[in-house]
Number of protein chains: 2
Amino acid sequence: MSRTATAPSRPASRSAARVVGSGAGRIEPVDHGTRERLLDAAGEVFADRGYEQATIRDICRRAGANIAGVSYHFGDKKALYIEVIAYAHRCADEYDPAREAAGTADPAERLRVFVRTFMQRIGHKGRPAWHARLMAREMASPGAALDQVVRSGVRPKFEALQAILRTLNPSLSDREVELCACSIVGQCLIYHHARPVLTRLFPTLKLDAREIERIAEHITRFSLAAVAAAHRRGGARP
Amino acid sequence: MSRTATAPSRPASRSAARVVGSGAGRIEPVDHGTRERLLDAAGEVFADRGYEQATIRDICRRAGANIAGVSYHFGDKKALYIEVIAYAHRCADEYDPAREAAGTADPAERLRVFVRTFMQRIGHKGRPAWHARLMAREMASPGAALDQVVRSGVRPKFEALQAILRTLNPSLSDREVELCACSIVGQCLIYHHARPVLTRLFPTLKLDAREIERIAEHITRFSLAAVAAAHRRGGARP
DNA sequence: GAGCGATTCAAACATGTGTTTGATAGGCCC
DNA sequence: GGGCCTATCAAACACATGTTTGAATCGCTC
């Protein structure tokens with residue numbers, strides 16, 4: 001019976017049971033059971049170190065759980081990772097830059113809110129915000145959950161940004177909208193994924209909340225000018 | 001001909017391996033000795049997988065060398081990595097986007113050449129061009145050689161870009177120049193470090209040589225418009 | 001050819017990691 | 001209490017990786 005590999009006692013499948021809290025839409029793991037602590041600790045470790053570098057022992061130590069806890073509750077490391085991505089995903093809806101941007105009518109202001117919110121999400125190193133960092137890391141190094149992350153995490157926000165751009169400049173072609181969206185997201189992401197280089201390059205750069213705000217303002221103006229200018233030429237040129 | 005020419009070789013005394021460090025001589029691995037093949041293979045593997053994920057066995061297999069070769073010729077994995085960074089660094093001078101951009105007089109054309117060359121360097125997956133990919137990876141995850149990479153690899157190119165921007169729009173403040181430079185580099189880098197996401201997001205995106213060319217053209221126009229518009233406002237705002 | 005240092009080789013070692021195992025304790029229903 | 005299920009625990013297992021070791025091979029001088 002030892003080698004039959006059928007996982008005779010593998011209650012790991014009972015997964016989605018207790019994530020729900022008491023409140024209506026609350027996702028937060030108010031119940032500090034072992035499973036919830038593991039999910040939370042794993043999210044932080046995965047976001048900080050990446051999938052390969054994260055160790056189960058470290059996760060369990062931070063969660064105050066036994067090494068076997070991961071195997072028992074989730075099956076194996078990869079399953080835990082998938083679950084963490086999904087968990088971060090549900091949480092990420094509350095941090096959706098697109099939703100916050102939808103509040104205002106002026107398209108320029110919508111872009112400003114989008115950029116600012118996006119930068120705050122990925123820039124903040126605080127504890128409850130490893131979700132965006134996890135996404136950014138998954139984007140950088142494709143893991144098992146990339147398809148899922150892209151499909152239901154990245155794509156909707158990207159399309160929201162594209163909608164803002166179309167409103168800003170209706171003369172843009174679909175392809176130009178895509179390229180402009182990439183340009184805007186790229187401007188934001190470099191401050192996250194090249195932070196060590198930038199702090200060495202510009203020792204004056206602090207990247208605190210105030211600085212993030214100013215950088216977001218620069219990116220907004222930079223992109224607004226570029227998008228507005230793009231319509232003066234059609235899209236054809238030598 | 002071995003290392004006796006410049007450096008008195010390193011018997012790499014079994015116990016305390018010494019890293020040569022300076023190595024003022026040899027730049028080209030024209031001699032296909034074990035040491036050179038190891039350097040070349042290590043560069044490729046480090047650029048593809050990153051420092052932690054790269055395995056010495058893989059490097060030695062690609063180089064057709066024995067596992068002990070790394071320990072004998074370089075001391076240990078970290079010393080090999082430092083040496084590879086330095087090696088890539090000397091080679092990178094031939095691939096300097098700034099130098100190629102210096103050929104033309106028109107600042108807009110200089111920016112265009114800079115962006116195009118930069119994107120070709122980091123986008124091309126070919127064998128002889130793992131240098132830029134290595135730099136990009138080192139930027140993303142700071143390793144032991146980050147300071148060295150930034151000081152003599154990134155900074156000069158960044159300053160060249162800033163000089164172009166200043167020529168394009170003399171009314172920009174130092175800080176605005178920095179921010180614009182970050183915006184341009186960020187637009188380029190996203191196609192490298194988020195490539196898996198982008199290919200899933202836009203299945204039509206091919207990222208071959210022609211596509212790279214068109215993206216570079218977009219980034220150039222996007223940034224030219226933004227930089228030109230930046231001078232119409234001073235730098236003050238609500 | 002003999003001697004000697006530089007170099008390469010296969011094998012082993014030490015360590016860290018993901019995973020499994022068998023045992024143990026607690027809760028719950030009959 | 002007895003049986004049964006869930007959850008946790010310490011220990012061990014299996015495997016990959018960086019590193020070392022001692023012998024074998026190569027290349028050169030004499």
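Because the structure is predicted, anything quoted here is derived from the model rather than measured.

Reading the values: the criteria
- Residues numbered from 1 in each chain as written.
- Chains lettered and ligands numbered in written order.
- Predicted model: local features only at pLDDT ≥ 70, side-chain atom pairs only at ≥ 80, totals over all residues.
- Heavy atoms only, no water.
- Least-squares fit on C-alpha atoms with pLDDT ≥ 70 in both.
- Contact = heavy atoms within 4.5 Å.
- Helix = DSSP H or I, 4+ residues; strand = E, 2+ residues; numbered from the N terminus.
- Polar contact = N/O pair within 3.5 Å; in protein donor to acceptor, adjacent residues only side chain to side chain.
- Near = heavy atom within 4 Å.
- Core = buried A, V, L, I, M, F, W, Y, C linked by side-chain atoms within 4.5 Å.
- Buried < 20%, exposed > 50% of the residue type's maximum accessible area, 1.4 Å probe, protein only.
- Salt bridge = Lys/Arg side-chain N within 4 Å of Asp/Glu carboxyl O.
- Nonpolar A, V, L, I, M, F, W, Y, C, P; charged D, E, K, R; others polar.
- Axes fitted to C-alpha atoms, helices over the stretch in contact; angles between N-to-C directions.
- Parallel < 35°, antiparallel > 145°, perpendicular 65-115°, else oblique.
- Left-handed = near helix turned anticlockwise from the far one by under 90°.

Q: How do you make sense of the relation of the copies chain A and chain B when you look at a structure like this?
A: Superposition of the two copies of the chain requires a rotation about an axis together with a shift along that axis. Here chain A sits on chain B after a turn of 180° about the axis and a move of 0.0 Å along it, with an RMSD of 0.2 Å. Within this description, the copies of the chain are treated as partners about a two-fold rotation axis. Comparing interface residues between copies, 100% of those in chain A also lie at the interface in chain B; the contact surface is shared.

Q: What's the story with the side chain of Glu-176 of chain A in this structure? I'm lost.
A: Topologically, Glu-176 of chain A is positioned in helix α9 (residues 174–193). At 2.9 Å, the side chain of Glu-176 of chain A and the backbone nitrogen of Ser-173 of chain A are in polar contact.

Q: What am I meant to see in the protein's contact with DNA strand D here?
A: Around DNA strand D, a shell composed of 19 residues is seen, among which Thr-34, Tyr-72 and His-73 of chain A together with Ile-56 and Lys-77 of chain B lie nearest. Near-protein atoms of DNA strand D (within 4 Å) split between backbone and bases, with sugar and phosphate holding 49%. Here a phosphate oxygen of DNA strand D and a side-chain polar atom of Tyr-72 of chain A are 2.8 Å apart. At 2.9 Å from a phosphate oxygen of DNA strand D is found a main-chain nitrogen or oxygen belonging to Ile-56 of chain B. Those elements giving two or more residues to the surface near DNA strand D turn out to be α3 (68–74) of chain A together with α2 (56–63) and α3 (68–74) of chain B.

Q: In this structure, what is going on with the nonpolar core? I would like to understand it.
A: For soluble globular proteins, nonpolar side chains are generally found buried alongside one another. Core analysis: the largest hydrophobic core is formed by 139 residues, its most contacted members being Tyr-191 of chain A together with Tyr-191 of chain B. When neighbours within four sequence positions are excluded, Tyr-191 of chain A is seen to be in contact with Met-119, Leu-198, Leu-207, Ile-215 and Ile-219 of chain A together with Leu-179 and Cys-182 of chain B.

Q: Explain the interface of chain A and chain B here, please?
A: Listed by partner, the interface residues are 48 residues for chain A and 50 residues for chain B. The interface formed by chain A and chain B includes 4 salt bridges. Here Asp-147 of chain B ties to Arg-200 of chain A by a salt bridge, and the two come within 3.0 Å at their closest N and O atoms. At the boundary of chain A with chain B, the tally comes to 12 residue pairs in polar contact (both at pLDDT 80 or more). Listing elements by their share of the side of chain A that touches chain B, those giving two or more residues are α7 (130–140), α8 (146–168), α9, α10 (195–201) and α11 (209–230) of chain A. Considering only residue class, the side of chain A that touches chain B consists of 27 nonpolar, 8 polar and 13 charged.

Q: Is there a simple way to explain the packing of α11 of chain A against helix α11 (residues 209–230) of chain B in this structure?
A: Running from amino to carboxyl end, α11 of chain A crosses α11 of chain B at an angle of 115°, the nearest separation of the two axes being 8 Å. The pairing of α11 of chain A with α11 of chain B is recorded here as roughly perpendicular in orientation. For the pair α11 of chain A and α11 of chain B, the crossing hand works out as right-handed. Residues Phe-222, Ser-223, Ala-225, Ala-226, Val-227 and Ala-229 of chain A of α11 of chain A pack against Phe-222, Ser-223, Ala-225, Ala-226, Val-227 and Ala-229 of chain B of α11 of chain B. A per-class count over the contact of α11 of chain A with α11 of chain B returns 10 nonpolar, 2 polar and no charged.

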